[in-house]
Amino acid sequence: MNILQYLINGISIGSVYAIIALGYTMVYGIAKMLNFAHGDVIMVGAYICYCVTVYLGLPVLAGVLLSMVVCTVLGITIEGLAYKPLRGTPSLAVLITAIGVSYFLQNAAQLIWSSNPKSFTSIVSNMKPLHLFGSLTITGEVIVTVAVSVVIMIGLTWFTSSTRIGKSMRAVSEDRDAAQLMGINVNRTISITFAIGSALAAVAGVLMCSSIPVLMPTTGSMPGIRAFTAAVFGGIGSIPGAMLGGILLGIIETFAKAYLSTQFSDAIVFGVLIIILLVKPAGLLGKQVQEKV
Amino acid sequence: MKKTLLNKDKGKDFLTYAVVIVAFVIMQFLSSQGKLSSAVTGYLVPVCCYIVLAISLNLLVGVCGELSLGHAGFMGIGAFSGVVLATLLKNTVDNATLRLILAMVFGGTLAGLIGFLIGIPVLRLRGDYLAIVTLAFGEIMKNIIGNMYVGTDESGFRFAIATAKPKLVGKGKWILSGAMGVTGIKKLSTFAVGFGLILFTLFVVLNLINSKEGRAIKAVRDNRIAAESVGINVTTFRMKAFVVSAFLAGMAGALYGLNYSSLDAAKFNFNTSINILVFVVLGGMGNILGSVISATVLYILPEAMRGLADYRMIIYAVVLILVMLFTWSPKVKEYTSVVADRMKHLFKKEKEAAAK
């Protein structure tokens, strides 16, 4: 029965990774940049939710919505101020700027909320854990996390395949110049992508801190790197790839911790990533792009 | 035409050596006069380390065009192997400088060797994927060193990678003990050796860049397919640059490790790799003198702003973003070129007026 319990926990962590990885992968697909500040947007989202529920005493739903709004605005602002002026420059320049933004967010958070960890109250604290088959426990957090991520995945798949904006996003990620010639507003599409990615990051932040209730200015960075690994794992730029990669990574991490070693879980997770990339250089669901001479 | 180009390169290399030597002489003079505060003296060795790290990463990122996010991993290998060797040789080699140099060579060699082993599978990847795999290797390295135990006891030399501290046979001591790292290191690093390491690094890297191989490496960077089609063995050259870069990072790591009394694996994380990358990019890709200057300035800048306490890193972040925007943004470039043109025009007019 243990194995089932680990599987469920793995899927729960993996769902959070998947939501974060979606933000990475969409931005990479469209703007061709590694947005290292994404992990810190997660942290900001969690802090906003914390402030709204604890300081203002508003209901949880308001906290989640408000943190999504703040993160969306934050995402658009970061993109407009820091990344947009560098469009068309080598990706390394944008990468360093993203690192600058990441430092900025972490240190601003430290100034505002101090570096003392805050204990985040779970958003589903009033839900009793389910007990199945005696030894199997499913907490409310797990149910909510998995449900929310399923809704997000279905919604995002529908959005990118059926709506006008979603289609233009796919067009821009396929070929930016051709999309521009077809009359798609590339700058606006990129801004919208950042907005969606940041809103998802806020959700991920709230869900993550509900399961692991420690909130610090550096809370976002390690899950950020993990989720980024997940995005690469599934094939960066591919939306179903990010979902698959995230969930697989969560399962691998939980199993590695349970059956192999807690201390070496980082080495195992990153080792699996390297092996996958060596066998399939574009990730699990990524497209291998042929270089033209 | 060709000749002038070569001469220009030589002149620039000469300038790089000159700047480093003059800086060393000035610092040595000031410290012999006792004009340097203890804080500044404390920066000297780490600055040397970061200069070497920035130059070696520049060889990889700027000259070779391969983005690596795991440079701190090699630094860590060098640091721990160097510290362990220096501790083991404590009684056999009396001369502290010799011990330091042996430790640096050992650290560099081990880092280079591991770089070679990692390079075989990893260098098949390119671009962002290579960056991610090097990031992963850096994290794995940190994770393994954090669970590594090296020491001596009555059964001889002991080495283990384990989740819990293994037991020693009889009397003995762990030198490196897992997540605790190494404590009670005897400080061996000196500014003079650091300066020597910088000169050695400059010599190796500049010679490599200006050699036939260096030109091949640059050809691979600028157009891999074209380089391949004229018969350049791309993999060999990338591997050479990767190993040399890892070797130098390992040496710098050993120098860094022997400058502090304690050391743990968490220091060599992703953030350190990123910091070195920031030095390289702000100094200019492929620009060795730029790496030297930016590593110095950017290491000292946050340290010098300690008085601003909580605000210093936020200021550093803003400075970083602004510098990137001002140096790379096409709009700013356009604007500065317009201003430069106007200035030129103005000077021309003045000259013409003077001639009349």
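All residue numbers here refer to positions counted from 1 along the written sequence of the relevant chain. Whichever chain is written first is A, and whichever ligand is written first is 1; the rest continue in order. Restriction of local features to residues with pLDDT of at least 70 applies here, the model being predicted, together with a cutoff of 80 or more for giving and counting side-chain atom pairs; totals for whole chains, interfaces and linings are based on all residues. Side-chain figures throughout are based on the complete set of non-hydrogen atoms in the structure, without hydrogens or water.

**A look at the overall build of chain B**
Here is the rule: For the purposes of this entry, the term helix denotes a DSSP run of H or I that reaches at least four residues, the term strand denotes a run of E that reaches at least two, and both are numbered from the N terminus. Computation of the radius of gyration draws on C-alpha atoms, with the globule rule given as 2.2 Å multiplied by the number of residues to the power 0.38. Think of it in three bands: residues with accessible area under 20% of the maximum for their type are buried, residues over 50% are exposed, and the middle band is partly exposed, with areas taken using a 1.4 Å probe on protein chains only. By the convention used here, residues are in contact when the closest approach between their heavy atoms is within 4.5 Å. For the accessible areas, the method is Shrake-Rupley and the probe is 1.4 Å, while residue cover comes only from the protein chains on display. When charges are tallied, Lys and Arg are placed among the positive residues and Asp and Glu among the negative ones, while His and the ends of the chain are skipped. Note on charges: their place is set at NZ of Lys, CZ of Arg, CG of Asp or CD of Glu.
Tallying secondary structure elements over chain B gives 13 helices and 3 strands in all. Its C-alpha radius of gyration of 23 Å places chain B within 12% of the 21 Å reference for a compact globule of 356 residues. Each of the three principal axes of chain B carries a C-alpha extent, and together these read 95 × 55 × 40 Å. Burial status across chain B gives 49% buried among its 356 residues. Long-range contacts, defined here as pairs at least 24 residues apart, represent 73% of the contacts in chain B between residues at least 6 apart. Carbon and sulfur atoms form 65% of the exposed surface of chain B, whose accessible area is close to 17,300 Å². Taking the average place of the 36 positive charges on the side chains of chain B and the average place of its 18 negative ones, the gap between the two points comes to 3 Å.

**A look at the sheet that holds strand β2 (residues 156-161) of chain B**
Residue and element names in this part refer to chain B. Under the convention used in this document: Pairing between two strands requires that DSSP report at least two bridges joining them. An axis is simply a line fitted to the C-alpha atoms; with a helix, the fit covers only the stretch in contact. Between two such axes, the angle follows the N-to-C directions and lies from 0 to 180 degrees.
Taken together, the 3 strands give an open sheet; going across it, the order is β2-β1-β3, and neighbouring strands pair in antiparallel fashion. Looking at strand neighbours, the two that pair on one side only are β2 and β3 (173-177), the edges of this open sheet. Taking the axes of each pair of neighbouring strands and ignoring which way they run, one obtains an average angle of 15 degrees across the sheet. Both strand β1 (residues 148-153) and β3 contribute to a ladder of 4 bridges, which runs antiparallel. Its bridge partner being in β3, tyrosine 149 is matched across the sheet by serine 177. Contacts from helix α3 (residues 71-88) reach β1, β2 and β3 within the one sheet, and its direction differs from that of β3 by about 165 degrees.

**A closer look at the side chain of A:Thr219**
Residue and element names in this part refer to chain A. Rules: In protein, a polar contact requires one atom able to donate a hydrogen and another able to accept it; more generally it is a pair of N or O atoms within 3.5 Å, and residues adjacent in sequence count only if both atoms are side-chain atoms.
As for its position among the elements, threonine 219 is in the loop between β4 (214-215) and α9 (221-234). One polar contact links the side chain of threonine 219 to the main-chain amide nitrogen of methionine 216, over a distance of 2.5 Å. Threonine 219 has contacts with Met208, Cys209 and Val214, leaving out every residue within four places of it along the chain.

**Quick word on the confidence of the model for chain B**
Definition in use: Per-residue confidence from the prediction method is given by pLDDT, with values spanning 0 to 100.
Model confidence for chain B is summarised by a mean pLDDT of 84, while 97% of its residues fall at 70 or above. The ipTM for the predicted assembly is 0.83, set against a pTM of 0.85.

**Re the pattern of salt bridges**
All names here are of chain B. What counts here: Should a side-chain nitrogen of Lys or Arg be within 4 Å of a carboxyl oxygen of Asp or Glu, the pair is scored as a salt bridge.
Evaluation of the coordinates by the stated rule reveals 9 salt bridges over all chains. Among the ionic pairs, lysine 142 bridges to glutamate 139, the shortest N-O distance being 3.3 Å. Taken together, the residues lysine 142 and glutamate 139, both in helix α5 (residues 127-145) and 3 residues apart, mark about one turn of the helix.

**Quick word on the pairing of β2(B)**
Residues and elements named next belong to chain B. Bridge analysis of β1 against β2 gives 6 bridges, and the strand direction is antiparallel. Following the sheet pairing, valine 150 is matched in β2 by phenylalanine 159. Following β1, the chain reverses through 2 residues before pairing antiparallel with β2.

**A word on unusual backbone geometry**
Residue and element names in this part refer to chain A. Although it is not a glycine, lysine 32 sits at a positive phi angle of roughly 55 degrees. Assignment of secondary structure puts lysine 32 in the loop between α1 (2-31) and α2 (38-54). Here lysine 32 falls in the partly exposed class, since its relative accessible area comes to 43%.

**Points about the packing of helix α4 (residues 91-113) of chain A against helix α10 (residues 270-283) of chain B**
For clarity, the cut-off: With respect to orientation, any angle under 35 degrees is reported as roughly parallel, any angle over 145 as roughly antiparallel, any angle of 65 to 115 as roughly perpendicular, and every other angle as oblique. Note on convention: near helix rotated counterclockwise from far helix by under a right angle means a left-handed crossing. Clockwise means right-handed.
At a minimum axis distance of 11 Å, the contact between α4(A) and α10(B) shows a crossing angle of 130 degrees. Regarding the angle of α4(A) to α10(B), the classification is oblique. Remark: the crossing between α4(A) and α10(B) carries left-handed chirality. Residues A:Leu92, A:Leu95, A:Ile96, A:Ile99 and A:Tyr103 of α4(A) touch α10(B), and the partners they reach there are B:Asn271, B:Ile274, B:Asn275, B:Leu277, B:Val278 and B:Val281.

**With respect to the interface of chain A and chain B**
By a widely used convention, the size of an interface equals the accessible area lost when the partners come together. Which entries qualify depends on this criterion: Each of two parts loses accessible area, computed with a 1.4 Å probe, when they are put together; buried area is these two losses added. Note on residue classes: Ala, Val, Leu, Ile, Met, Phe, Trp, Tyr, Cys and Pro are nonpolar, Asp, Glu, Lys and Arg are charged, and everything else, Gly too, is polar.
At the interface, 45 residues of chain A touch 47 residues of chain B. Here chain A packs against chain B, burying approximately 4,000 Å² in sum over the two surfaces, 78% of which is carbon and sulfur. Applying the counting criterion to the chain A and chain B interface returns 0 salt bridges. Taken together, the links from chain A to chain B amount to 4 residue pairs in polar contact (both at pLDDT 80 or more). Going through the elements one at a time, α3 (60-83), α4, α9 and α11 (265-279) of chain A are the ones with two or more residues in the side of chain A that touches chain B. Element by element, the count of residues in the side of chain A that touches chain B is highest for α4(A), at 14 residues. The residue inventory of the side of chain A that touches chain B, partitioned by class, reads 33 nonpolar, 9 polar and 3 charged.

**Examining the layout of surface pockets**
Stated precisely, the cut-off is as follows: Here a cavity denotes a set of grid points, spaced 1 Å apart and computed over the protein atoms alone, in which a 1.4 Å probe fits but from which it cannot get out, and a pocket denotes an open set meeting protein on both sides within 12 Å along at least five of seven lines; residues with an atom within 4 Å of a point are reported as lining. Grid points are joined across faces, edges and corners, and a volume is the space filled by probe spheres set on the points.
Computed from the structure, the second largest pocket encloses a volume of approximately 1,000 Å³. Lining the second largest pocket are 40 residues, with A:Tyr103, B:Asn271, B:Thr272, B:Asn275 and B:Met313 sitting closest to its centre. When contributions to the lining of the second largest pocket are tallied by element, the ones reaching two or more residues are α2, α4 and α9 of chain A together with α5, α10, α11 (288-304) and α12 (312-328) of chain B. In the lining of the second largest pocket, the residues fall into 19 nonpolar, 14 polar and 7 charged.

**Observations concerning a nonpolar patch on the surface**
Heads up, the rule is: Any residue with relative accessible area above 30% and no salt bridge may belong to a patch, with like charges joined within 9 Å and the nonpolar Val, Leu, Ile, Met, Phe, Trp and Tyr side chains within 5 Å.
There is a patch of nonpolar side chains on the surface, built from A:Leu111, A:Ile112, B:Leu308, B:Tyr311, B:Ile315, B:Val319 and B:Val323 and spanning about 570 Å² of accessible area. Where the nonpolar patch is concerned, the elements lending two or more residues are α4 of chain A together with α12 of chain B. The element best represented in the nonpolar patch is α12(B), accounting for 3 residues. Along the chain, B:Ile315 falls in helix α12.

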